[in-house]
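# Fold and geometry: a report
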Amino acid sequence: MQILGIDIGGSGIKGRLVDVQSGDLIGERHRIATPQPATPPAVAAVVDELVRHFNYSGPIGVTFPAIVRHGVTLSAANVDPSWIGAQAQQIFEQATGQPVHVLNDADAAGVAEMTFGAGRGFTQGIAILLTFGTGIGSAIFHDGKLLPNTEFGHVPLPMKGIHAEHYCSDRVRRLQDLKWPEWAKRVDHYLALMELLFSPDVFIIGGGVSKKFDKFAPHLRRPVRIVQAQLMNEAGIVGAAMSAWKQREAATDSSQLVSAV
Ligand code: BGC
């Protein structure tokens, strides 16, 4: 079963077909620069352009870097403020004429990593995926089940009085020109807080910086197992497509149940 996954980011909006049973990526990825300002109508037009590019019809999974509840975007830390309260699912469905499932970008990456990547087979205990990029995204799984929209990047760090993503995102590393050991020390503080709150069995480190895992991981001192995400840039697309597919299957099952009654 091939489903279109779309990953909305601050600089690019990327689409690719995904075989949702195997997690394999099909064909080429297509990327369009994120329009500026990235308002809902402007972004929806790009999503539609991607759907046309792939000449696709069927369920579409879309990631968004914000809280997404029941298809509505509820925050806008690193995106245009007009997304707060936007009916994202409805907007994308109207633009494309296809059924759309919208979810948080880190949740999508987590779903993909837990199924096909670093968390594969991890069905017992607590796993936390953290994506370090412009912001910090998070996804927490208990016995393989996602608790969505955790937004751990906005946890205030008690000793610093600022949100975690303003202290140790990859963006902060680059802006402040932090050396790997310095940055890793900051990440350690943050992981210590996450450990105190959730006692995870494993941290999966994703996002753009995960490509440089070898540079910073040796400087991390936390006792909990820390592993590198495996699906890299494509995790969001894969997780979005999988979530859209699962959503569709669940809707079909329940409508069959209703018609059987
Ligand atoms: C947003 C999250 C998002 C993360 C990574 C944060 O600023 O609040 O929703 O998952 O960035 O993109």
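Preceding this section is the structure that the text describes.
As a starting point, this report considers the structure included with it. (Residues numbered from 1 in each chain as written. Predicted model: local features only at pLDDT ≥ 70, side-chain atom pairs only at ≥ 80, totals over all residues. Heavy atoms only, no water.)

### A closer look at the environment of P148
Turning to its location among the elements, P148 is positioned in the loop between β10 (145-147) and β11 (156-157). Residues P148 and S255, 107 residues apart in the sequence, show an inter-C-alpha distance of 25 Å. (Helix = DSSP H or I, 4+ residues; strand = E, 2+ residues; numbered from the N terminus.)

### Some remarks on the sheet that holds strand β8 (residues 126-132)
Spatial ordering of the open sheet is given by β10-β9-β8-β13-β14, a layout of five strands whose pairing is mixed. Looking at which strands have only one partner, the edges of the open sheet turn out to be β10 and β14 (225-228). For this sheet, the mean angle separating the axes of adjacent strands, direction not counted, is 25°. In this sheet, β14 lies alongside strand β13 (residues 202-206) in parallel orientation, the contact comprising four bridges. Residue pairing for β14: I204 is matched across the bridge by V227. The strands that helix α3 (residues 105-116) touches are β8, β9 (136-142), β10 and β13; relative to β9, the one it contacts most, it runs at about 45°. (Pairing = 2+ DSSP bridges. Axes fitted to C-alpha atoms, helices over the stretch in contact; angles between N-to-C directions. Contact = heavy atoms within 4.5 Å.)

### Focus on the packing of helix α1 (residues 40-53) against helix α2 (residues 88-96)
Relative to each other, α1 and α2 sit at 45°, their axes nearing to 9 Å. The pairing of α1 with α2 is recorded here as oblique in orientation. Relative to α2, α1 is oriented so that their crossing is right-handed. Across the interface between the two elements, P40, V43, A44, V47, D48 and V51 from α1 touch I91, F92, A95 and T96 from α2. Within the contact of α1 with α2, the residues separate by chemical class into eight nonpolar, one polar and one charged. (Parallel < 35°, antiparallel > 145°, perpendicular 65-115°, else oblique. Left-handed = near helix turned anticlockwise from the far one by under 90°. Nonpolar A, V, L, I, M, F, W, Y, C, P; charged D, E, K, R; others polar.)

### Observations regarding the site of the ligand
Around the ligand, the surrounding shell consists of P65, A66, A77, N78, N104, D105, I136, G137, E151, H154 and E165. One of the side-chain nitrogen or oxygen atoms of N78 is found 3.0 Å away from an oxygen atom of the ligand. Contact distances for the ligand include 3.0 Å between an oxygen atom and a side-chain N or O atom of N104. Protein chains bury 92% of the 310 Å² of accessible surface belonging to the ligand in isolation. When the residues that make up the shell around the ligand are grouped by side-chain class, the tally is four nonpolar, four polar and three charged. (Near = heavy atom within 4 Å. Polar contact = N/O pair within 3.5 Å; in protein donor to acceptor, adjacent residues only side chain to side chain. Areas by Shrake-Rupley, 256 points an atom, 1.4 Å probe, with all protein chains shown as cover.)

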